[in-house]
Amino acid sequence: QAKHLGGDTFQFYNNQLQASTLERLQLEQQLRRAIEEGQLQAYYQPKLTLSDGVVRSAEALVRWNHPQRGLVSPGEFIPLAEETGLIGVISEMMLQQACEQALLWLQQGMPIRVSVNLSVSHVRQGNLVTLVQDVLKKTGLPAYLLELELTESQMLENAESIIATFKQLRELGVHLAIDDFGTGYSSLSYLKRFPANSVKIDQSFIRDVAENHEDAAITRAIIAMAHGLNLLVVAEGVETQAQMDFLHANLCDEVQGYLICRPVAAEQFTEFLLAHTAAATES
Ligand code: C2E
Ligand code: MG
Ligand code: MG
Ligand code: MG
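This section reports on the structure supplied with the text. Just so we're clear, the structure is a prediction, and the values are computed from it rather than from any experiment.

## Regarding the site of ligand 1
Working step 1: Not every one of the 23 residues close to ligand 1 is listed here, only the nearest: Arg-63, Ser-119, Asp-179, Glu-239 and Tyr-258.
Working step 2: Between an oxygen atom of ligand 1 and a side-chain N or O atom of Glu-236, the distance comes to 3.3 Å.
Working step 3: Here Tyr-258 contributes a backbone N or O atom positioned 2.8 Å from an oxygen atom of ligand 1.
Working step 4: Protein coverage of the free-state accessible area of ligand 1, which is 800 Å², stands at 82%.

Right, dumping it as structure tokens:
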């Protein structure tokens, strides 16, 4: 029954709503099944140390290997996972996979620190410290080889309890990174109190850093400030040699991006590491 005023509009709007609710329900069901059937997989992207060209760490990025749709990127399902609470299971699975993999690399003589992305909705569920402790114990990975990333904007929700949680994580020996830095409006006094080891400059500043005055100035300022606070600086989304040269000249510590390597499955990452190490020792 359409409403008397602008009935069609109402009807149309209502259908749209129903369609999107249905789609979301379907996606949620598929995601639950994907988790049960092991369709979620960690991909890894290396971070390169600029001063000596060595790869010491990698970011774990979740991929959904969908039977019909192929590889689905996290942007398409992480927000839904956050809303439905499935994010907890996904984080747990990513932590487990990443720690197992890092231990394997360590045993193969390639110590790589692996970083896992967290969502604040999961941090708020309250068992993060115990979870991380358990995974480290179960896998036997030394804590210093695990890093956790949280975006600057997510840090600002519930700031006090997040600082407390992350202090406990630091005490375990786990490393902490502030992701997408520069886009979250955090205050300097907050930054001072957050127990991070590194900041990752958001890729929006890196994109035009070699040509754009403002981006260059912001990037230099972030590097100087982070170094002043004893934090390591990583630049994300490095795609060109010009960006890499700028970052090297301005003392950025590490770079991550397609120029070095795309996110790849663990086996390909091992191949990348072996080839990269061989090339580095030749020159
Ligand atoms: P992020 O943590 O900032 O990850 C960096 C994103 O930039 C990744 O996208 C990566 O594939 C992409 N990237 C890397 N190098 C380049 C480059 O040179 N150019 C460009 N244009 N992009 C590059 P991805 O894998 O699609 O992940 C998107 C976001 O989804 C991540 O941003 C992170 O916030 C979230 N995410 C990924 N995996 C997880 C996870 O396991 N748990 C949670 N909670 N969030 C995750
Ligand atoms: Mg990240
Ligand atoms: Mg980022
Ligand atoms: Mg991001």
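So much for the structure itself; the text now carries on.
## Observations concerning the pairing of strand β4 (residues 113–117)
Working step 1: Note: strand β2 (residues 55–66) against β4, four bridges, orientation parallel. Residue pairing in the sheet places Glu-59 in a bridge with Ser-115 of β4.
Working step 2: Where β4 meets strand β5 (residues 146–151), four bridges bridge the pair, whose relative direction is parallel. Looking at β5, one finds that Val-114 is bridged to Leu-146.

## Focus: the state of the cysteines
Working step 1: Under the defined criterion, the tally for this structure stands at zero disulfides.
Working step 2: Free cysteine Cys-252: the closest other cysteine sulfur is in Cys-261, separated by 18 Å.

## Topic: helix α5 (residues 128–139)
Working step 1: In this model α5 runs 16 Å from its N-terminal to its C-terminal C-alpha over twelve residues, within 8% of the 16 Å that 1.5 Å per residue would give.
Working step 2: Where α5 is concerned, the buried positions are Leu-128, Val-129, Leu-131, Val-132, Val-135, Leu-136 and Thr-139. Projected down its long axis, α5 carries its buried residues within an arc of 165°, all on one side. Summarising the geometry of α5, the exposed residues directed more than 90 degrees from the buried face are Lys-137 and Lys-138.

## Side note on the packing of aromatic side chains
Working step 1: One pass over the full model with this rule turns up seven aromatic pairs.
Working step 2: Ring plane angle 85° and centroid distance 5.5 Å describe the contact between Trp-64 and Phe-77, whose orientation is recorded as edge-to-face. Placement of Trp-64 in strand β2 and of Phe-77 in the loop between β3 (70–72) and α2 (78–84) is noted, with a sequence separation of 13 residues between them.
Working step 3: Overall, Phe-77 belongs to the buried group, its relative accessible area being 0%.
Working step 4: Between Phe-269 and Phe-272, the ring centres sit 6.1 Å apart and the planes meet at 45°, which makes this aromatic pair tilted. Linking Phe-269 with Phe-272, this pair stays in helix α12 (residues 266–282), spanning three residues, or about one helical turn. Grouping residues by exposure puts Phe-269 and Phe-272 together as buried.
Working step 5: It is Arg-262 that lies over the ring of Tyr-258; its NZ or CZ is 3.9 Å from the centre.

## Brief notes about the environment of Leu-188
Working step 1: Within the secondary structure layout, Leu-188 lies in helix α8 (residues 188–193).
Working step 2: With relative accessibility at 59%, the residue Leu-188 sits in the exposed group.
Working step 3: Between the alpha carbons of Leu-188 and Met-225 there is a distance of 9.5 Å; along the sequence they are 37 residues apart.

## Section: the coordination of the magnesium ion (ligand 3)
Working step 1: Protein coordination at the magnesium ion (ligand 3) comes from Asp-179 (OD), Asp-180 (OD), Glu-236 (OE) and Glu-236 (OE), with a distance range of 2.0 to 2.4 Å.
Working step 2: In this structure, the magnesium ion (ligand 3) is positioned 4.2 Å from the magnesium ion (ligand 2), and both are ligated by Asp-179.
Working step 3: Taking the relative accessible area as the measure of exposure, Asp-179 reaches 6% and is therefore buried.
Working step 4: Looking at Asp-180, the relative accessible area reads 24%, which means it is partly exposed.

## Quick notes on the pattern of salt bridges
Working step 1: Taken as a whole and judged by the stated rule, the model has ten salt bridges.
Working step 2: When the shortest N-O distance is used, the salt bridge between Glu-149 and Lys-47 registers 3.9 Å. Here Lys-47 lies in strand β1 (residues 40–49) and Glu-149 lies in strand β5, a separation of 102 residues in the sequence.
Working step 3: Taking the relative accessible area as the measure of exposure, Glu-149 reaches 1% and is therefore buried.
Working step 4: Residue Arg-193 is joined to Glu-160 by a salt bridge in which the shortest nitrogen-to-oxygen separation is 2.8 Å. Highlighted residues: Arg-193 in helix α8 and Glu-160 in helix α7 (residues 159–172), separated in sequence by 33 residues.

The rules we used
- Residues numbered from 1 in each chain as written.
- Chains lettered and ligands numbered in written order.
- Predicted model: local features only at pLDDT ≥ 70, side-chain atom pairs only at ≥ 80, totals over all residues.
- Heavy atoms only, no water.
- Near = heavy atom within 4 Å.
- Polar contact = N/O pair within 3.5 Å; in protein donor to acceptor, adjacent residues only side chain to side chain.
- Areas by Shrake-Rupley, 256 points an atom, 1.4 Å probe, with all protein chains shown as cover.
- Pairing = 2+ DSSP bridges.
- Helix = DSSP H or I, 4+ residues; strand = E, 2+ residues; numbered from the N terminus.
- Disulfide = S-S within 2.5 Å.
- Expected span 1.5 Å × (residues − 1).
- Buried < 20%, exposed > 50% of the residue type's maximum accessible area, 1.4 Å probe, protein only.
- Arc of directions from axis to C-beta.
- Phe/Tyr/Trp six-rings, centres within 6.5 Å; stacked < 30°, edge-to-face > 60°.
- Lys NZ or Arg CZ within 6 Å of the ring centre and 35° of its normal.
- Donors = N, O, S within 2.8 Å, 3.2 Å for Na, K, Ca; no water.
- Salt bridge = Lys/Arg side-chain N within 4 Å of Asp/Glu carboxyl O.

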